[in-house]
Amino acid sequence: MNFSRIQAIFIKDYKEFSRNYAVSIMVLLPLIMAFIYNKTGVNNIQAYFLPINLAFTSVTAFVQCCLIAEEKERNTLRSLMLSPATLFDILLGKSLLVFSISAVTVLLSIFLVGYNPGNWLILGIALFLSIVFYTGLGTLGALFTKTILEASVVILPIILLFSFGPFLTVLAENIPVLKVAEWLPSTQIILLAESLEVSYTLSDVLIPIMTILIWTIIIWLSTIFLYKKRMVD
């Protein structure tokens, strides 16, 4: 691991992010929604987590996807792949900026929506894993695209599915196939948050966290596999 290379990639991404207003403005979307929800007086976990899950998709996944797609569009990602930087240096460097922005955005969304978690430590672990998962999801989406426009189209279904997927569980009684939505990371973190508000058991905590962890491992293994494939294409 070369810290100077990671720092260089981080700084380069920051400059691109600050110049691309179409991408950077997405940070405001969950914050505005959280503020509006707070003013409407919502007081249930499902409502609290809509702007939080939106932060994961519209900030973490979307921004990551667009930043990498922009590099592919300019053919600078290929140069980075062929540089002395290792796979770990590149993936960590390309993820640090989005991870930092996402962490701040999620915390601000929690504050603005007026949510006070029952256990900050346990929820914090789930939030951390979720940011890592959505960063990997954005990276994977970008590797399938060649331009920012393509990335915006690819990431849209992801935003809809993972932001609003938890609401599909309401329809699961009439449409059994929708029960799979219960295992989405965005649903699992809501179930975890609901458990933390009452007397919870170890399984109430472990199942959601392990589910999000498994999603994270799968998405990053897929990302690494596709990244290595793109290197030899």
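None of these values were measured; they are calculated from a predicted model. (Residues numbered from 1 in each chain as written. Predicted model: local features only at pLDDT ≥ 70, side-chain atom pairs only at ≥ 80, totals over all residues. Heavy atoms only, no water.)

**A closer look at the environment of T40**
Link 1 in the chain: With respect to the helices, strands and loops of the structure, T40 is situated in helix α3 (residues 28-40).
Link 2 in the chain: Remark: the alpha-carbon pair of T40 and V113, spanning 73 residues in sequence, is separated by 9.8 Å. (Helix = DSSP H or I, 4+ residues; strand = E, 2+ residues; numbered from the N terminus.)

**Things to note about the packing of aromatic side chains**
Ring pairs (aromatic) are described by centroid distance and by the angle formed between their planes.
Link 1 in the chain: As enumerated under the stated definition, the model contains nine aromatic pairs in all.
Link 2 in the chain: Here the aromatic rings of F162 and W215 are separated by 6.1 Å at their centres, their planes lie at 85 degrees, and the arrangement is edge-to-face. With F162 in helix α8 (residues 148-164) and W215 in helix α10 (residues 202-232), this residue pair connects regions lying 53 residues apart in the sequence.
Link 3 in the chain: With relative accessibility at 6%, the residue F162 sits in the buried group.
Link 4 in the chain: What makes W215 partly exposed here is its relative accessible area of 30%.
Link 5 in the chain: Grouped by ring-pair contacts, the aromatic residues F56, F133, Y134, F162 and W215 constitute a single cluster. (Phe/Tyr/Trp six-rings, centres within 6.5 Å; stacked < 30°, edge-to-face > 60°. Buried < 20%, exposed > 50% of the residue type's maximum accessible area, 1.4 Å probe, protein only.)

**Observations regarding the UniProt feature "transmembrane region" (unreviewed entry) in the protein**
Link 1 in the chain: Taken from the UniProt record, the annotation "transmembrane region" (unreviewed entry) applies to residues 21-37, 49-69, 90-114, 120-144, 151-172 and 205-227.
Link 2 in the chain: Helix and strand shares over residues 21-37 are 82% and 0% respectively, and the end C-alpha atoms of the span are 25 Å apart.
Link 3 in the chain: Structurally, residues 49-69 comprises 100% helix and 0% strand, and the distance from its first C-alpha atom to its last is 28 Å. (UniProt positions renumbered as here; feature names shortened; annotations may be inferred.)

**Overview of the pattern of salt bridges**
Link 1 in the chain: Considering all chains together, one arrives at four salt bridges under this definition.
Link 2 in the chain: K94 is the partner of D13 in a salt bridge, and the nearest nitrogen-oxygen pair spans 2.7 Å. Of this pair, D13 sits in helix α1 (residues 3-19) while K94 sits in helix α6 (residues 87-113); the two residues are 81 residues apart in sequence, bridging distant segments of the chain.
Link 3 in the chain: Overall, the relative accessible area of 3% leaves K94 in the buried class.
Link 4 in the chain: A salt bridge links K94 to E71; the nearest nitrogen and oxygen atoms lie 2.2 Å apart. Taken together, the residues K94 in helix α6 and E71 in helix α4 (residues 45-73) connect sequence positions 23 residues apart. In terms of burial, K94 and E71 fall into one category: buried.
Link 5 in the chain: Among the charged side chains, a salt-bridge network with shared partners connects K12, D13, E16, E71 and K94. (Salt bridge = Lys/Arg side-chain N within 4 Å of Asp/Glu carboxyl O.)

**Brief notes about the side chain of T135**
Link 1 in the chain: Inspection of the secondary structure assignment puts T135 in helix α7 (residues 120-143).
Link 2 in the chain: Note on T135: relative accessible area 2%, which makes it buried.
Link 3 in the chain: At a separation of 2.6 Å, a polar atom in the side chain of T135 contacts the main-chain carbonyl oxygen of I131.
Link 4 in the chain: Setting aside residues no more than four positions away along its own chain, T135 makes contact with T60, Q64, S95, V98 and W220. (Polar contact = N/O pair within 3.5 Å; in protein donor to acceptor, adjacent residues only side chain to side chain. Contact = heavy atoms within 4.5 Å.)

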